[in-house]
Amino acid sequence: MSREYDADVAVTAKTTLDAQRLRADFPIFEQTFHGKPLAFLDSAASSQKPRQMLEAMTHFYETSYANVHRGVYQLAERATEALELSREKVRALLNAPSAREVIFVRNATEGINLVAYAWGLSNLGPGDLVVVTELEHHSNFVPWQYIAHRTGAGFRMIPLDDHGQLRLDELDSIAREGNVKVVATGVVSNSLGTMNPVDRLAAWAHEHGAIMVADGAQSAPHMKMDVQALGCDFVAISAHKMCGPSGVGALWGKAELLERMEPFLTGGHMIRSVGVDDSTWGELPHKFEAGTAPMAEAVGFGAAIDYLTEIGFDAIERYEHELAAYALDKLAELPWVTSYGPPADRRAGIVSFNVDGVHPHDVAQVLDFEGIAIRAGHHCCQPLMRKLGVAATNRASFYLYTIPDEIDRLVDGLHKVRKAFG
Amino acid sequence: MGEFEQLYRELILDHYKSPRNHGLLDPADASAEGQNPLCGDEIAVTVRLGADDRIEEVGFDGRGCAISQAATSMLTDLVKGKTAQEVAEMPKDDLLDELGIPLTPVRLKCAILGLGVLKLALHKARGTPLPEEWGTSARDLVLE
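Quantities reported herein were computed from a predicted structural model and do not represent experimental measurements.

So, how was this worked out
Residues numbered from 1 in each chain as written. Chains lettered and ligands numbered in written order. Predicted model: local features only at pLDDT ≥ 70, side-chain atom pairs only at ≥ 80, totals over all residues. Heavy atoms only, no water. Salt bridge = Lys/Arg side-chain N within 4 Å of Asp/Glu carboxyl O. Helix = DSSP H or I, 4+ residues; strand = E, 2+ residues; numbered from the N terminus. Buried < 20%, exposed > 50% of the residue type's maximum accessible area, 1.4 Å probe, protein only. Phe/Tyr/Trp six-rings, centres within 6.5 Å; stacked < 30°, edge-to-face > 60°. Lys NZ or Arg CZ within 6 Å of the ring centre and 35° of its normal.

Draft legend 1. View of the pattern of salt bridges. Enumeration over the complete set of coordinates arrives at 21 salt bridges over all chains. In this structure, the salt-bridge partner of E259(A) is R100(A), at a minimum N-O distance of 2.5 Å. Of this pair, E259(A) sits in helix α10 (residues 255–260) while R100(A) sits in the loop between α4 (74–94) and β4 (102–105), placing them 159 residues apart in sequence. Of the charged contacts in the structure, one is a salt bridge between R126(B) and D53(B), with a shortest N-O distance of 2.8 Å. Within this pair, whereas R126(B) is found in helix α6 (residues 105–126), its partner D53(B) is found in the loop between β2 (41–49) and β3 (55–63), the two being separated by 73 residues in sequence. Since its relative accessible area comes to 26%, D53(B) is described here as partly exposed. Connected through salt bridges with shared partners, the residues E84(A), R87(A) and E289(A) form a single ionic network.

Following this line, the structure appears as structure tokens:
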């Protein structure tokens, strides 16, 4: 571990987390890969899971499991209470005004599709514009492109500058091309780690009478989110990126919009009454939760939120900034490595880079032999990759259990890559 | 680093660093390009056919990982002199045997990208059959 790094950490000792201690909560680190301890630098794809979250899910299955909102028996009530307690935890996490505005979905992608279909199909048409960003993850890009095509609306991208930041000076010319009806952006880019000015985009969206949809999948794990301060109309998040289980996420939306929307998925639980000729829809949030909910997953999501809240989002965010700065400094010492994206103080714990003349697949493969897991590919951001002029990049991403030693191992591994292919 | 040497054996690195039949033919009797959507590997293949639709010359270009580029380089040597029909029917194991390295499912896609593109080129030019496992959606796409 680097001494300079420790010195930096010591300055902010009060709110700094102890990654080495937190690692003990994560059983995955008890294994070795290729005979080496796991350096997991792919948390932006999905995070590892703490024992506390796993135990909460097991406890729910062992003591409180029955279908929710159905039975009158005590066990079903217990399950319902557990699910609704998790909903309240998501509400508090996002500082949403009301828990009835929190809809459990499969993941952020499904949450965005819900808005694209249930709001977009009835509110978009020729002459309207859907505006996304050049940084966008496919999850907040493809649904809007698809719904724009289906409704005849136009589809525009806010371009990036050379630092990987959005060119807000382009907004006026975009607005002259049609009626801006939807503005969709990630809060943090999953490829570059750029933190986007969501509040400013939201203000611009609302000036034009558009809705503001934020993909929070990459920000919710790392920083305090406040949907009211961001000024959004919809925010989607995924549990699996924030120490929770796969298979559950949440969509928050303003009640006044959700109430006016048609349903997305239909079936059991989401109805008020069903007749042969017609059916009517239930109240929020049930109107958007057809079928049996991911109950244990929601309970795990709640436990993950407890876990992160206990550590503190301010501490997590600061720690990740420090890791990103440390990694960028270390990579800058390698003249044969190109890194992409904004300076460390304007990015989350994500570092994208390329090794001159070596394809990311080969980089990731050689690192794997060293027990180091990074992502190689286009990170579900093909428009961004085209902008960068690369087919793919390597991406190392950090979380609360990442230790500087793993970044040192990454750098050592890159020297091995260089030696093998250089 | 035993695992490294198993995967990136000398022959693979040689084909990667000095690819055979590199560069596109112009004019060509058959050509196609393709990419691996997972990692963005890209390969274009061009072919000149002689009597009996036998492959006389083949040239490729592309960018991607060592496995995809080396495998395509080795493929171009392997298919010279074969007829379009023989290449269409060539099982991927013929190429994988030549490669002789352990491949995970993800890397397997890298290794057979060039073979798929070559089969596509011959299909477009001579109507030779495409692999069954491509399914109907890929076939429809190809026929456009």
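There's more to say after this.
Draft legend 2. A look at the packing of aromatic side chains. Residues and elements named next belong to chain A. Scanning the model with the defined rule gives 15 aromatic pairs over all chains in all. On the numbers, 6.2 Å between centres and 55° between planes, the contact of F60 with Y61 is tilted. Residue Y61 is classed as partly exposed on the basis of its relative accessible area, which comes to 45%. Ring-pair connections join several aromatic residues into one group, and the members of that group are F26, F29, Y307, Y399 and Y401. Note that R23 overlies the ring of F29, its terminal NZ or CZ placed 4.2 Å from the centroid.

Draft legend 3. Highlighting unusual backbone geometry. Residues L284(A) and P285(A) are joined by a peptide bond in cis, for which omega reads 0°. Take P285(A): it is sitting in the loop between β12 (279–281) and α11 (295–311). A cis amide bond links D26(B) to the next residue, P27(B), at an omega of 5°. Looking at the element boundaries, P27(B) is found in the loop between α2 (10–17) and β1 (30–36). Here the phi dihedral of H269(A) falls at roughly 75°; this positive angle occurs in a residue that is not glycine. Along the chain, the position of H269(A) falls in the loop between α10 and β11 (271–274).

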